[in-house]
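Tertiary structure, described
These are the residues of each chain, in order.
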Amino acid sequence: MRKFLCLLSTLFLVSAHAQEATPPDVLVKNVTTEVVDIIVKDKEIRSGNRAKLIEVIDAKVLPHFNFASMTSLAMGQNWRSATPEQKKDLTDAFRTLLVRTYASALAAYSEQRFDFRPLRAKPTDTDVTVQVRVIQPGQQPVPIDYAMEKTAAGWKVYDVMVGGVSLVANYRTEFASVVRSSGIDGLIRDLQTKNKSLERRTEKK
Amino acid sequence: MRWLWIFLVSLAGCATTGETDPRDPWEGMNRAVYRFNDGFDDYIARPLATGYRKALHVEIRSRVSNFFSNIQDLMIGVNNVLQGKLQEGVEDWARFVFNTTLGLGGIHDVASDMGIEKHNEDFGQTFGRWGAAPGPYVILPFLGSSTLRDAGGTVVDLYAAPLPHVRPIALRNSLYGLYFLNTRSELLEASSILEQAALDRYIFQRDAYLQRRRSLIYDGSPPREREVNDTPDSSVK
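These figures come from a predicted structure and were not determined experimentally.

Here is what the cut-offs are and how they apply
Residues numbered from 1 in each chain as written. Chains lettered and ligands numbered in written order. Predicted model: local features only at pLDDT ≥ 70, side-chain atom pairs only at ≥ 80, totals over all residues. Heavy atoms only, no water. Contact = heavy atoms within 4.5 Å. Buried area = accessible area lost by both parts, 1.4 Å probe. Salt bridge = Lys/Arg side-chain N within 4 Å of Asp/Glu carboxyl O. Polar contact = N/O pair within 3.5 Å; in protein donor to acceptor, adjacent residues only side chain to side chain. Helix = DSSP H or I, 4+ residues; strand = E, 2+ residues; numbered from the N terminus. Core = buried A, V, L, I, M, F, W, Y, C linked by side-chain atoms within 4.5 Å. Buried < 20%, exposed > 50% of the residue type's maximum accessible area, 1.4 Å probe, protein only. Pairing = 2+ DSSP bridges. Axes fitted to C-alpha atoms, helices over the stretch in contact; angles between N-to-C directions. Phe/Tyr/Trp six-rings, centres within 6.5 Å; stacked < 30°, edge-to-face > 60°. pLDDT = per-residue confidence, 0-100. Patch = residues over 30% accessible without salt bridge, like charges linked within 9 Å, V, L, I, M, F, W, Y side chains within 5 Å. Areas by Shrake-Rupley, 256 points an atom, 1.4 Å probe, with all protein chains shown as cover.

**Quick notes on the interface of chain A and chain B**
Counting from both sides, the interface comprises 46 residues of chain A and, opposite them, 41 residues of chain B. When chain A packs against chain B, the two sides together hide about 3500 Å² of surface, and 49% of this comes from carbon and sulfur. One can count one salt bridge joining chain A with chain B. Among the ionic pairs, Arg133 of chain A bridges to Glu117 of chain B, the shortest N-O distance being 2.9 Å. Remark: the boundary between chain A and chain B carries 14 residue pairs in polar contact (both at pLDDT 80 or more). Going through the elements one at a time, helix H5 (67-75), helix H6 (84-107), strand E5 (165-166) and helix H7 (167-204) of chain A are the ones with two or more residues in the side of chain A that touches chain B. For the side of chain A that touches chain B, the leading source of residues is H7 of chain A, giving 16 residues.

**Comments concerning the nonpolar core**
All names here are of chain A. Among the nonpolar cores identified, the biggest contains 57 residues, and Tyr146, Met148 and Tyr171 are the most heavily contacted of them. Top contributing element to this core by residue count: H7, with 10 residues. Those residues in contact with Met148 that sit more than four places away from it in its chain are Pro24, Leu27, Val28, Thr126, Asp127, Val128, Val130, Trp155, Lys156, Val157 and Tyr158.

**A closer look at the sheet that holds strand E4 (residues 154-162) of chain A**
The strands making up a sheet associate through hydrogen bonds between their backbones, and the pairing can be parallel or antiparallel. Residues and elements named next belong to chain A. On the basis of which strands lie adjacent, the open sheet formed by five strands has the order E1-E2-E3-E4-E5 and antiparallel pairing. Strand pairing shows two members of the sheet lacking a second neighbour, strand E1 (113-116) and E5, which therefore form its edges. The sheet strands contacting helix H2 (residues 24-41) are E1, strand E2 (127-135), strand E3 (142-151) and E4, and the helix crosses E1 at an angle near 170 degrees.

**Some remarks on the packing of aromatic side chains**
Residue and element names in this part refer to chain B. In this structure the tally under the stated criterion is 17 aromatic pairs over all chains. Taking 5.4 Å as the distance between ring centres and 65 degrees as the angle between the ring planes, the aromatic pair formed by Tyr179 and Phe180 counts as edge-to-face. In this structure Phe180 comes out as partly exposed when scored by relative accessible area, which is 43%. Through a chain of ring-to-ring contacts, three or more aromatic side chains come together here, namely Phe67, Phe68, Tyr176, Tyr179 and Phe180.

**So, the environment of Leu53 of chain A**
All names here are of chain A. Tracing the backbone shows Leu53 in helix H4 (residues 50-60). Once the C-alpha coordinates of Leu53 and Ala147 are considered, the two residues, 94 residues apart in sequence, prove to be 24 Å apart. Leave out the neighbours within four places in its chain, and Leu53 touches Ile39, Ile45, Ala103, Leu106 and Ala107.

**What to know about the pattern of salt bridges**
All names here are of chain B. Counted under the stated rule, the structure contains 32 salt bridges over all chains. The residue Asp219 makes a salt bridge to Lys85 at a minimum N-O spacing of 2.5 Å. Taken together, the residues Asp219 in the segment after helix H10 (201-217) and Lys85 in the loop between helix H3 (58-82) and helix H4 (86-101) connect sequence positions 134 residues apart. For Lys85, a relative accessible area of 10% gives the class buried. In this structure, Arg213 and Asp122 form a salt bridge, with 2.9 Å as the shortest nitrogen-oxygen distance. Taken together, the residues span a long stretch of sequence, with Arg213 in helix H10 and Asp122 in the loop between helix H5 (110-113) and helix H6 (123-129) at a distance of 91 residues. Take Arg213 and Asp122: they sit in the same class, and that class is buried. Bridged by salt links that share partners, the residues Asp21, Arg23, Asp24, Glu27, Arg31, Asp200, Arg206 and Asp207 form one connected network.

**Describing the pairing of E2 of chain A**
Pairing geometry for E1 of chain A and E2 of chain A, over four bridges, is antiparallel. Note that in E2 of chain A the partner of Asp115 of chain A across the bridge is Arg133 of chain A.

**Overview of H5 of chain A**
All names here are of chain A. Counting buried residues in H5 gives nine out of nine residues, a clear majority hidden from the surface. Of all the positions in H5, only Phe67, Ala68, Ser69, Met70, Thr71, Ser72, Leu73, Ala74 and Met75 are classed as buried. The opening residue of H5 is Asn66, an N-cap whose side-chain oxygen sits 3.3 Å from the backbone nitrogen of Ala68. Following H5 by one or two positions, Gly76 has its phi on the positive side, about 60 degrees.

**Structural notes on the confidence of the model for chain B**
All names here are of chain B. Scored by pLDDT, chain B comes out at a mean of 88, with 86% of its residues at no less than 70. The weakest mean pLDDT in chain B belongs to helix H1 (residues 2-14) at 46; the strongest belongs to strand E1 (residues 137-140) at 98. Here residues 1-17 is a poorly scored stretch, pLDDT under 50, and it has nine contacts once near neighbours within four places are set aside; other chains count. Counting interchain partners and residues more than four positions distant, the pLDDT-below-50 stretch residues 226-230 has nine contacts. For this predicted complex, the interface score ipTM comes out at 0.82, alongside a pTM of 0.85.

**A look at the confidence of the model for chain A**
Per-residue pLDDT for chain A has a mean of 87; in total, 87% of the residues score no lower than 70. Taken element by element, chain A is modelled with least confidence in helix H1 (residues 2-21) of chain A, mean pLDDT 55, and with most confidence in H5 of chain A, mean pLDDT 96.

**Looking at a nonpolar patch on the surface**
On the surface, Phe36, Phe142, Leu143 and Phe180 of chain B cluster together into a nonpolar patch covering about 430 Å² of accessible area. Looking at where Phe180 of chain B falls in the secondary structure, it is placed in helix H8 (residues 169-186).

Dropping the structure here:
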């Protein structure tokens, strides 16, 4: 019994240690491979079951994103003038929108290969860019860069750059222009309305 | 001609309302052209591209893509050399040679299988590399997002490409038609994702275009632009 407990605690230690130590590039590689594997094999997802795809993203991908960081960066200056309540609503609505967009991008996946670039960072770095290239024959590879920060709960993505286009930077101008014309509450409303209309559209399918 | 001027001036009048982005001083006019392009796309280009995709098997469509892509490698090579990237330029021409011969006129991309990677270059990027600023953002009729610099580049691209010099005219026009149809059909997913992601498609597309071009000019690693408040705030979970 004692031996068993000892073994058990060692296992816990090992797994806790492993989780803490998962380097950002390994994390990206594992998650990408796992998710692509699921969507390739799952017949329902392949035939267009968006709800199920979103479930997979919720379970496998979302834990590795820091949406509060993403939202604060996309809000720029306006983030400081938002109340805690507004920050929460913004983050939730932005997360929903990003997940839906991400799901559409994944649904378009077909047989591309991934080239995981070696991480160029010092072990002490707390902010790194993990580079992946999507290879499709006959076309220039599309780089996907994940900007990641080290948090107490492991490495988290706070921006994604596809083909040199940063998602966060792209939303910054849009958000700023909505906030200028209808305030932060207006932006929350716009995001929620957008999400509702997308939801209706996927239900119809 | 006078009517055209009146039209343009009235469009320019729209630009003076509200706050404008310094990169997009002609927003009023651009939005008008954007609406025109949107209408053209809704009623003509997208339905045709969708039909094209249904009519032709993916294998055939990818041969078509390869064929046009192969022709473009010639000028991509010229642009790489003009930007001082000799090795890349030679790679582009090697691609053209292998694909035209072994790849049967370019319909098979054997060069990619051999590990010679395709590049993305055009005269707009070359001008950018030479130090030309992008200038104001413009939306071109039918062609979409551009800047003053890139529009100039597009004009040179069009003249320098072999396609406009193909004769008889009927063949040239058919090739153009096929090219635009095929290109639009490849963008069907991307455009529907754009529609989903954006609150205001015009702004979203503009910013994506400007970021993308900047990244392309620096071949994927542009110098970092520091923004105010660029550190993530993780106070809310």
